[in-house]
Amino acid sequence: MELICPAGTPSSFREAVDAGAGAVYCGFRDETNARNFPGLNFDLQELREAVSYAGTRGVKTFVALNTFMTAGREDLWYRRAQEATDAGADALIVADFGLMAHVAERHPHQRLHISVQASASNPDALAYLVESFGAARVVLPRTLTVADIARIARRVACELEVFVFGGLCVMAEGRCSLSSYATGKSPNMNGVCSPASHVRYRQEGTDMVSELGGYTINRFSEREPAGYPTLCKGRFAIGKSKTYAFEDPVSLDVMDQLDELEAAGVTALKVEGRQRGKAYISQVVSTLRATMKAAPADRPALMARLKALSEGLETTHGAYEKRWR
């Protein structure tokens with residue numbers, strides 16, 4: 001199975017390549033990319049250099065154009081698709097049906113991967129994407145069990161990619177309405193989830209209170225680590241309990257299910273984390289590569305190295321084991 005690794009900067013890109021990535025995904029420095037944060041991403045020249053660096057080392061480059069186009073401004077996405085294709089990208093990762101149609105028509109030889117943001121999660125949806133746009137691969141949402149994935153794989157004519165490590169997103173991918181409501185900036189259109197410009201922390205007695213867009217997201221006691229205020233990982237009062245209603249602030253790790261995923265028909269394993277630094281990328285990618293080569297009995301010890309890098313210092317199987325509250 002191919003190991004697909006993130007890169008938010010040129011230096012992180014090189015680290016991912018050198019650490020053992022089979023492919024590295026990145027994005028342009030604008031809203032065509034769902035990690036549109038200050039200080040991240042690539043201009044055209046940096047992308048060209050990254051593609052060259054990876055290619056000479058036998059590593060592929062995937063360019064994420066994984067936001068939904070703004071009506072009247074589609075030319076930005078069309079231009080980026082042209083530039084990424086001309087730069088030699090091995091695949092474009094696309095979420096918007098309109099952009100898929102454009103790529104299929106204007107760049108018929110460009111390999112097309114369907115972003116997780118498109119929320120394609122059943123055989124009929126995948127078949128439509130393959131037949132209509134020539135999709136070569138679909139990145140499945142993090143809401144499916146291994147058995148679900150196996151049932152899909154038996155009925156589709158495209159490659160399947162799944163997330164195995166890194167941050168989680170709430171429920172159905174591409175439905176980031178909570179953050180949009182609080183900040184007025186859509187993760188799926190502007191590429192910004194919980195933008196730093198809308199984040200505030202304040203001290204209230206001995207507690208640290210985190211806010212996003214004027215909304216209280218969480219309250220941390222004096223000795224409790226204060227997490228970044230992402231709405232889907234907020235702690236809310238529900239009935240008589242105060243709990244993480246949508247998603248716990250932990251990282252995904254299903255590397256102990258490598259054999260099951262391969263048997264289910266998975267083609268590629270994806271790591272989340274384009275907003276992470278190059279030290280994180282280097283350690284995560286090298287560890288995952290070693291884990292993929294190791295015998296099953298040796299994998300837990302290797303993966304234990306990454307616990308300190310996980311959100312909240314904890315990991316979860318997420319929806320790969322559906323145990324809803």
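Residues numbered from 1 in each chain as written. Predicted model: local features only at pLDDT ≥ 70, side-chain atom pairs only at ≥ 80, totals over all residues. Heavy atoms only, no water.

### A few points about the nonpolar core
Line of reasoning, step 1. By size, the foremost hydrophobic cluster in this structure holds 76 residues, and its most contacted members are Ile149 and Leu261.
Line of reasoning, step 2. In contact with Leu261, other than residues within four places in its own chain, are Met1, Val146, Ile149, Val162, Val164, Val254, Val266, Leu269 and Tyr320.
Line of reasoning, step 3. Formed by eight residues, the second largest nonpolar core is a distinct cluster that contains Ile4, Ala64, Ala91 and Ile93. (Core = buried A, V, L, I, M, F, W, Y, C linked by side-chain atoms within 4.5 Å. Buried < 20%, exposed > 50% of the residue type's maximum accessible area, 1.4 Å probe, protein only. Contact = heavy atoms within 4.5 Å.)

### Observations regarding the sheet that holds strand β10 (residues 215-220)
Line of reasoning, step 1. In spatial order, the strands read β8-β9-β10; together these three strands make up an open sheet with antiparallel pairing. Of all the strands in the sheet, just β8 (199-204) and β10 have a single pairing partner and so form its edges. For this sheet the average axis-to-axis angle between neighbouring strands, irrespective of direction, equals 25°. (Pairing = 2+ DSSP bridges. Helix = DSSP H or I, 4+ residues; strand = E, 2+ residues; numbered from the N terminus. Axes fitted to C-alpha atoms, helices over the stretch in contact; angles between N-to-C directions.)

### Remarks on the pattern of salt bridges
Line of reasoning, step 1. Counted under the stated rule, the structure contains 20 salt bridges.
Line of reasoning, step 2. Glu159 is the partner of Arg111 in a salt bridge, and the nearest nitrogen-oxygen pair spans 2.4 Å. A residue pair is termed long-range when its members are at least 10 positions apart, and Arg111 in the loop between α4 (97-106) and β5 (112-114) and Glu159 in strand β7 (residues 159-166) qualify at 48 residues.
Line of reasoning, step 3. The exposure class assigned to Arg111 is partly exposed, which follows from its relative accessible area of 29%.
Line of reasoning, step 4. In this structure Glu159 comes out as partly exposed when scored by relative accessible area, which is 24%.
Line of reasoning, step 5. The residue Glu211 makes a salt bridge to Arg202 at a minimum N-O spacing of 2.5 Å. (Salt bridge = Lys/Arg side-chain N within 4 Å of Asp/Glu carboxyl O.)

### Digging into the packing of aromatic side chains
Line of reasoning, step 1. Taken as a whole and judged by the stated rule, the model has five aromatic pairs.
Line of reasoning, step 2. Look at Phe97 and Tyr128: their rings are 5.8 Å apart centre to centre, the planes differ by 35°, and that puts the pair in the tilted class. Here Tyr128 lies in helix α5 (residues 123-133) and Phe97 lies in helix α4, a separation of 31 residues in the sequence.
Line of reasoning, step 3. You can call Phe97 partly exposed: its relative accessible area is 40%.
Line of reasoning, step 4. On the accessibility criterion, Tyr128 (40% relative accessible area) is partly exposed. (Phe/Tyr/Trp six-rings, centres within 6.5 Å; stacked < 30°, edge-to-face > 60°.)

### Regarding the environment of Phe62
Line of reasoning, step 1. If you trace the backbone, Phe62 turns up in strand β3 (residues 60-65).
Line of reasoning, step 2. As for Phe62 and His113, which are separated by 51 residues in sequence, their C-alpha atoms are 8.7 Å apart.
Line of reasoning, step 3. Phe62 has contacts with Glu2, Ile4, Ala23, Val24, Tyr25, Cys26, Asp90, Ala91, Ile93, His113 and Arg137, leaving out every residue within four places of it along the chain.

### Notes on helix α3 (residues 74-87)
Line of reasoning, step 1. Between its terminal C-alpha atoms α3 stretches 20 Å, which fits the 20 Å expected from 14 residues at 1.5 Å a residue.
Line of reasoning, step 2. Among all positions in α3, only Leu76, Trp77, Arg80, Ala81, Glu83, Ala84 and Ala87 are buried. Along the axis of α3, the buried positions cluster into a sector of 170°, meaning they face one direction only. Facing away from the buried side of α3, by more than 90 degrees, are the exposed residues Asp75 and Asp86. (Expected span 1.5 Å × (residues − 1). Arc of directions from axis to C-beta.)

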